[in-house]
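Okay, here's what each chain looks like letter by letter:
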Amino acid sequence: MELGKRELGRTGLRVSRLGFGAATLGNVYGTVKEEDGISSVHEAFRCGINFFDTSPYYGNAMGEQVLGKALTSLNVPREDFVVSSKCGRYSDGFDFTAERVVRSVDESLQRLNLTYIDIMLCHDIEFASLDQALILPKLVISETIPALLKLKENGKIHFIGISGLPLKIFHTVLDRVPPGTLDVVLSYCHYNLVNCLLGESLPYLLSKGVGVINASPMCMGLLTEKGPPIWHPGQVELKALTLEC
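I would appreciate a short explanation of the pattern of salt bridges in the present structure.
Side chains that differ in charge, positive against negative, can pair when their charged atoms come close. For the structure on display, the rule yields 11 salt bridges. Here Glu34 makes a salt bridge to Lys69, at a shortest N to O gap of 3.1 Å. One end of the pair, Glu34, is in helix 1 (residues 34–46); the other, Lys69, is in helix 2 (residues 62–72), and 35 residues separate them in sequence. One salt bridge connects Asp124 with Arg89, and the closest N-O pair in it is separated by 2.7 Å.

Would you mind going over the sheet that holds strand 10 (residues 184–188) with me for this structure?
Sheets are built from strands paired through backbone hydrogen bonds, the pairs being either parallel or antiparallel. Spatially, 3-4-5-8-9-10-11 is the arrangement adopted by the seven strands of the open sheet, whose pairing is parallel. On the outer flanks of this sheet lie strand 3 (20–21) and strand 11 (211–215), each paired with one strand and no other. Judged from the five bridges that link them, strand 8 (residues 117–122) and strand 9 (residues 157–164) form a sheet pairing that is parallel. Bridging from a neighbouring strand, Ile119 pairs with Phe159 of strand 9. Seen against the sheet, helix 3 (residues 98–112) touches strand 5 (82–87), strand 8 and strand 9 and runs at an angle of roughly 140° to strand 5. Contacts between helix 6 (residues 198–207) and the sheet are confined to strand 10 and strand 11, with strand 11 contributing the most and set at about 165° to the helix.

Help me understand helix 3, please; the structure alone is not making it clear to me.
Given 3.6 residues per helical turn, the α-helix brings residues three or four places apart onto the same face. Between its first and last C-alpha, helix 3 extends 21 Å over 15 residues, near the 21 Å set by a 1.5 Å rise per residue. Among the residues of helix 3, Arg100, Val101, Ser104, Val105, Ser108, Leu109 and Leu112 are the ones counted as buried.

I would appreciate a short explanation of helix 1 in the present structure.
Between its first and last C-alpha, helix 1 extends 18 Å over 13 residues, near the 18 Å set by a 1.5 Å rise per residue. Buried residues of helix 1: Gly37, Ile38, Val41 and Ala44, and no others. An end-on view of helix 1 places all buried positions within 120° of arc, on one side of the element. Positioned one or two residues after helix 1, Gly48 has a phi angle of 110°, which is positive.

Would you explain the side chain of Thr144 in this entry?
Its place among the elements puts Thr144 in helix 4 (residues 136–153). At a separation of 2.6 Å, a polar atom in the side chain of Thr144 contacts the main-chain carbonyl oxygen of Phe96. Residues contacting Thr144, with those up to four places away along its chain left out, are Cys87, Phe96, Val101, Cys122 and Leu139.

Scoring rules and cut-offs
Residues numbered from 1 in each chain as written. Predicted model: local features only at pLDDT ≥ 70, side-chain atom pairs only at ≥ 80, totals over all residues. Heavy atoms only, no water. Salt bridge = Lys/Arg side-chain N within 4 Å of Asp/Glu carboxyl O. Helix = DSSP H or I, 4+ residues; strand = E, 2+ residues; numbered from the N terminus. Pairing = 2+ DSSP bridges. Contact = heavy atoms within 4.5 Å. Axes fitted to C-alpha atoms, helices over the stretch in contact; angles between N-to-C directions. Expected span 1.5 Å × (residues − 1). Buried < 20%, exposed > 50% of the residue type's maximum accessible area, 1.4 Å probe, protein only. Arc of directions from axis to C-beta. Polar contact = N/O pair within 3.5 Å; in protein donor to acceptor, adjacent residues only side chain to side chain.

What follows is the structure, encoded as structure tokens:
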């Protein structure tokens, strides 16, 4: 099967239409042996997948570590694959301060065994304690993004983006930063068999010049035969219905 590639927004990156989400390498959806995880990355690459997405949040950085080992052992030129990672969300909570973001990128580079990361996303920027919810976008705009822009200038990352579940969070940030500041947005669980709301936001996002990554087309396990993990936030009725189908 020919997956084909397309350009991601205005980044110039040519990525496979189907990407590899490395949350599984961090045992987010169940235990995966390291050797099996590495083999899955190799098989994905053999099948034409060249885009790999991860985060230090996945399995307390295990997702990045295993992906790094897998990509290193491919023994292919660096330009043959595209890596997206994230900052701001960690196993011990959220921290979008500039100081933590700079340190986070260095840690991710080390775990991934890379000299640069193609795309760095601010991870789930809508999640924070209730008393911080109203100021979180302000912190992302005033500290996180400027810190990432500096890292982009020195070559540690090549492109910047944001991720989140509520689609309105993209509007909140994109309407408050200069055009061209952000290169990519990652939306998850909003374009699949049970939810296609992302389609309604595409004209706006495209008008902002950002590439759009549609993550978790299986809706975090909801649309799999095994069913969603116990932590899945979906309603009980929806979980039961999808298991019946």
